[in-house]
Every structure is written in structure tokens, then in C-alpha cells.
Amino acid sequence: MEKWDLLDNKRRITGKYINRGDELPKGYYHQLIHVCIFNKEKKMLIQKRHPKKNKRPSLWDISCGGAVLAGEDTHTAASRELFEELSIDHDFSKEKILMTLTYEQGFDDYFSLYLPSLDIKNLKLQKDELTEVSFASLDEILALIEKGEFVPYRKELISLIFVLRNSKSYIST
């Protein structure tokens with residue numbers, strides 16, 4: 001069973017934990033990460049979620065994502081999730097967070113990773129998480145959102161990720 005650190009509203013670890021699937025106590029928050037991988041054609045790697053997933057089965061999604069486990073920081077979680085889901089070994093310890101979004105239940109750190117020669121045929125996909133991967137342009141992802149075939153992110157968020165993907169400017173909201 002996954003354990004998550006409970007955070008306060010300033011993102012400080014409280015020393016309390018929650019098991020994945022348990023209701024988040026009022027006044028506490030948790031952390032998520034997303035990794036957005038881009039190739040030399042400026043397309044993002046997207047993954048198709050497994051049809052047996054509890055949330056948003058069979059929809060296309062951003063390259064990689066998941067919860068930060070108890071005792072991890074977001075950089076460690078990004079490395080772990082990327083390896084678990086796509087078998088890509090990358091050390092995020094020196095990577096800057098592209099942006100942090102806050103939402104009702106916590107904080108979501110987004111990372112951008114440029115892998116110009118990534119060959120998706122060589123990836124070992126985590127079989128219980130996803131079924132396939134592909135590269136897609138911004139317009140292709142927005143069309144998938146419009147058709148209800150992609151996790152329903154705001155189109156503005158996906159557009160912002162594409163704009164910032166190679167940016168030296170980082171934002172926190």
C-alpha cells in the first residue's frame with residue numbers, strides 16, 4: 001500500500017501520512033508530479049491509460065505522472081515514476097521544476113524533459129498502468145481533448161506546457 005506524506009498549505013511535511021485511496025483529511029494536502037517528454041519534432045510523448053485504471057481508463061495522458069510517496073521529494077518521485085511507467089532512467093535531482101500548480105487537494109510539479117532521439121519501440125511499458133505510447137503535437141493533443149479521448153486537462157495548460165517546454169523562465173502559480 002502506497003503511503004503519502006501529508007503537507008500543510010505551505011507545502012511543509014507535517015509528519016503525518018495517509019494511505020493511497022484514503023480520504024484526505026481537511027486542511028492537509030499531498031503532492032503529485034508530471035513529466036512531459038518532448039522529441040526533436042517538438043512533439044510530446046503521450047501514454048494511453050490502462051482500461052482497468054480506476055480513474056480515466058483508456059484515455060490518453062501526459063507522458064508520465066503520479067503521486068509523491070512518503071519520504072520522497074518531487075525530483076525523486078519524477079525519476080521513480082518515469083522508470084516505473086516507461087523504463088526511462090533519468091536523474092531529476094538537477095532538473096528545475098517547469099511549473100507548480102496548486103489544486104484543491106495539493107500541489108502538482110511539472111517537469112519538462114527533452115529526449116531528442118527517444119525511440120518508443122525500445123520502451124518497456126508498465127503493463128498495469130498504460131497500454132501504448134505515441135508522440136503528438138499540440139494540435140493533436142488538443143483535438144484528442146476535444147473528442148474526449150484525452151484526460152480532460154484545460155487546453156490552456158497543455159498549450160502552456162508546449163510554450164514553456166524549452167524555456168529558461170520557470171513559473172510557479
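Just above sits the structure.
Conventions we followed
Residues numbered from 1 in each chain as written. Predicted model: local features only at pLDDT ≥ 70, side-chain atom pairs only at ≥ 80, totals over all residues. Heavy atoms only, no water. Helix = DSSP H or I, 4+ residues; strand = E, 2+ residues; numbered from the N terminus. Buried < 20%, exposed > 50% of the residue type's maximum accessible area, 1.4 Å probe, protein only. Polar contact = N/O pair within 3.5 Å; in protein donor to acceptor, adjacent residues only side chain to side chain. Contact = heavy atoms within 4.5 Å.

(A) Just the side chain of Asp61, in detail. With respect to the secondary-structure elements, Asp61 resides in strand β5 (residues 60–62). According to the relative accessible area criterion, Asp61 is buried, its value standing at 8%. Reaching out from Asp61, the side chain makes a polar contact with the side chain of Arg49 at a distance of 3.4 Å. If we skip the residues at most four places from it in the chain, Asp61 touches Ile46, Gln47, Arg49, Phe150, Val151 and Tyr153.

(B) Looking closely at unusual backbone geometry. Phi at Lys42 is positive, roughly 65°, even though this residue is not glycine. Residue position: Lys42 is located in the loop between β3 (30–38) and β4 (44–49).

(C) Structural context of the side chain of Glu81. Mapped onto the secondary structure, Glu81 falls in helix α1 (residues 74–86). In this structure Glu81 touches Ile33, Cys64, Gly65, Gly66, Ala67 and Leu86, once residues within four positions along its chain are discounted.

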